[in-house]
Amino acid sequence: MVYGVLRILHIAHAGIYALGAYIGLLAFRFVPNFWFSLVVAMAACSLAGILVKRYLYMPLLTLPRIVPLIASIGLFIAMEEIFRIVAGPYVLSFPADPGLGSLQLGIVKITNNQLLVFLVTCILLAVLWFIMSKTKLGLAMKATSQDLEIASVMGIDTERIIAANFLIGSAMAGAAGVLVGVYFNSVYPTMGSIPAYKALAIIVLGGLGSIPGTVLGGLLIGVGETLLLGMTDIPFPRDALAFIIMILILMFRPYGLLGKE
Amino acid sequence: MFGGYTLTVAINIGIYIILAISLNVITGYAGQISLGHAAFWGIGAYCSALLATKAGLPFWVVLPLTIALTTLIGSLLAIPCLRVREDFLAITTIGINFVVQAVFLYVPFFGGAMGIGGIQAPFGMSSFFWITWGFVLLCVVLDRWLVRSWIGLALESIREDETAAAISGIDVVKFKVLAFAIGSGLAGLAGHLYAYFMTFISADDFGFPQSIVILSMIVFGGIGTLRGPVLGAIILGLAPELFRPIMEYRTLIYGALLIFMMRFQPGGILGEESLILRTFRGVRQRA
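The rules behind the values
- Residues numbered from 1 in each chain as written.
- Chains lettered and ligands numbered in written order.
- Predicted model: local features only at pLDDT ≥ 70, side-chain atom pairs only at ≥ 80, totals over all residues.
- Helix = DSSP H or I, 4+ residues; strand = E, 2+ residues; numbered from the N terminus.
- Rg over C-alpha atoms; globule rule 2.2 N^0.38 Å.
- Buried ≥ 20, exposed ≤ 12 C-beta atoms within 10 Å, placed from the backbone.
- Contact = placed C-beta atoms within 7 Å.
- Expected span 1.5 Å × (residues − 1).
- Core = buried A, V, L, I, M, F, W, Y, C linked by C-beta atoms within 7 Å.
- Nonpolar A, V, L, I, M, F, W, Y, C, P; charged D, E, K, R; others polar.

**Q** Which residues make up the overall build of chain B, and what values go with them?
**A** Tallying secondary structure elements over chain B gives 12 helices and 0 strands in all. Mapped from its N terminus to its C terminus, chain B presents α and β elements in the order α-α-α-α-α-α-α-α-α-α-α-α. Against the globule reference of 19 Å for 287 residues, chain B gives a C-alpha radius of gyration of 19 Å, in line with a compact fold. Structurally, chain B occupies a C-alpha span of about 55 × 50 × 35 Å along its principal axes. With 287 residues in all, chain B has 50% of them scored as buried. Across chain B, contacts joining residues at least 24 apart in sequence account for 77% of those joining residues at least 6 apart.

Here you go:
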C-alpha cells in the first residue's frame, strides 16, 4: 500500500512492524490489556511512519530509485540494532489474553489466539476497505497513487495524502507486529527480517500497488509454499520455495498477477 | 612486509573491491538493480571449492574454469531478469539470492550446512596479498577499457533510456546479458579468491545481507563511476575493523551511515555531484 503512492520499496516497513511488537509489549507491561497495547502500538507506529516519510523519503523522492531503497535498508538495519541494544537479543514473551474463549466448530477447535488474529485482521481489513472505498480520503489516495502531479493539480493536498497513507500503512504494520507477537508469544529483534523480503515477494507477485493483487499474492505464496513443502520432497526451506514460486510467476506475468504495465 | 592482521584486512578489502567493481558493471553502468550479487560471488566460491577439493585441480587451473562457469551461470540467471524491470528486477534478484543460497545449504553435493572445507592455497599469505591486489588492478584496467569501449557506451544508453537505446539500434537483450555475464564473471573471480583465502566456505557467507553490503559499497562511493565503488569498498571494508572497539554498536553505526549518506550525499562520496568533487573543482577553477 505504501508502495502504491511513493513507489519506494519500503524495506524499513518491517522495522516498523517489529517496533509495533515491542511498543505493544511495553504498553502491555504497564496496562495488561491486549486491546490497549494494540491501540498504543498502532499509534506509535503511525507516528514513526510519518517521521520516516517526512525526514527520510520526501527529500529523496526526485533521486534515482536506488537511493531511497538503500536509505530504507540502512534504516531497517539500524532499527533492528536499536531493538537488540535496548531490549536485548533474546526472545521476549508476550502473554496477552484478550478474554475470548476458544471456539469449537465440529471437529475443528479454534484456539483463543487464532480467533483473535482472525478477528483483528477482519476488523482492520474492514476499516481499510471502508476508508479506501467510502471516504473522500480514500478517493484522494487512489488519485494520488495513480498520478501524483495530476492529483495535486486537481486540488488534492498530496503532501497530506501521502502522510495519511504512511500513517495508515504503518498503523497496520504495528498491528501486525502485535498480533504476531501475541500469536507466537514471542518478540525478538530480527522478527522483521523474513517479513521484510517475503512481503516484497507478495506485493510483487500481486502486482505492485494493487490491493486485491496483494491479497491474492499472499494467499498464493502461503498455500503454494505449504503445498510444495508437504507434497514434494524438495529439501528447501519455505522462504526459498516462496521465491521460486514468485520467479516462476514473474516469468509469465512480468508485472505481477493483477499489475498493469 | 605487513603483519598477519593487516594482510587479512587488505586481502578482504581487495576481494570487496573486485565485488564492487563487478556489481558496478551491472548496476552502475547498465542500470540493472541487482540485490542478489552475493549469489554470483557464492557460485564462484563454490565452483572453486568443488573443483579444488573434489577434482583436486591446482589454483591456476581452477581459476579460468571458475570464471568461465560463473560467467555462464550468470548469463543463464540473467534470462529471467530480462523479463522484468526496475523494482520487479530488484525483487527477482533477491529471490535468486535466496534460492541459490538454499541450493548450497540443502543439496548434499554442496556440503549442506557443513560447507566445504580444506581448500588449500599453494602459497603463503603475503603472496596471496600480491595476487589479490594484482587482480584488483586488472579489474580496474578492465573496467576502464570497458567504459571507454562502445560496450560501455551501449550499457550507459540502456541505463538512461531503454526504449531510446533500442531505437538507436542497440540490441538491449544482448547487452544486458553481456553486463550480467561480465559482472558475474568478475564476481566469480572474487569468489575464487575468497574460497582459497578462507579455506572454508559455507552458504551463510553468501546470503542476502552480503548483497546489501556490496550494493552499499557502490552507492556509498558513487554509483556508475570507477573511483566510487573502489573507495566505497575500502571504507565499508575498513569500517568493521575501525569500529571494533565499539563492537556493540557496529551494525547500528553501519545502518546510520547508510541513512545519512543517502540523505545528504545521495550521489555517493565521489559521485558526480558530491561535495568533495565540487569543492575540488571549485579550487581548481579559482587557481
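**Q** Please provide a residue-by-residue account of helix α2 (residues 37–53) of chain B, values included.
**A** Over its 17 residues, α2(B) extends 25 Å from the first C-alpha to the last, a length consistent with the 24 Å expected when each residue adds 1.5 Å. Along α2(B), 16 of the 17 residues are buried, which leaves the element largely enclosed by surrounding structure.

**Q** Would you mind going over helix α9 (residues 208–221) of chain B in detail, with residue names and values included?
**A** All names here are of chain B. The end-to-end C-alpha distance of α9 is 20 Å, a good match for the 20 Å that 14 residues give at a rise of 1.5 Å each. With 12 of 14 residues buried, α9 is to be regarded as a mostly interior element. Those residues of α9 lying buried are Phe 208, Gln 210, Ser 211, Ile 212, Ile 214, Leu 215, Ser 216, Met 217, Ile 218, Val 219, Phe 220 and Gly 221. At the exit of α9 stands Gly 222, carrying a positive phi of roughly 135 degrees.

**Q** Just give me the short version of the environment of B:Ile201, but keep the residues and values in it.
**A** Residue and element names in this part refer to chain B. Checked against the element boundaries, Ile 201 lands in the loop between α8 (172–198) and α9. Note on Ile 201: 25 C-beta atoms within 10 Å, which makes it buried. Along the sequence, Ile 201 and Ala 49 sit 152 residues apart, while their C-alpha atoms lie 7.9 Å from each other. When sequence neighbours within four positions are dropped, the list of residues in contact with Ile 201 reads Ala 45, Tyr 46, Ala 49, Gly 115, Ile 116 and Ala 195.

**Q** So what's going on with the nonpolar core? Residues and values would help.
**A** Ranked by internal contacts, the top residues of the largest apolar core, which has 170 residues, are A:Ala41, A:Ile70, A:Ala201, B:Ile18, B:Leu19, B:Ala20 and B:Ala190. Excluding residues that lie within four positions of it along the chain, B:Ile18 makes contacts with B:Phe135, B:Val136, B:Cys139, B:Leu186, B:Leu189 and B:Ala190.

**Q** Give me the interface of chain B and chain A: which residues, what numbers.
**A** Every contact between the two is made by 32 residues of chain B and, on the other side, 35 residues of chain A. Breaking the side of chain B that touches chain A down by element, the ones donating at least two residues are α4 (86–106), α9 and α11 (250–264) of chain B. Take the side of chain B that touches chain A: its biggest share by element is 12 residues, from α4(B). Of the residues contributing to the side of chain B that touches chain A, the split by class is 22 nonpolar, 5 polar and 5 charged.

Nothing here speaks to function; it is geometry throughout.
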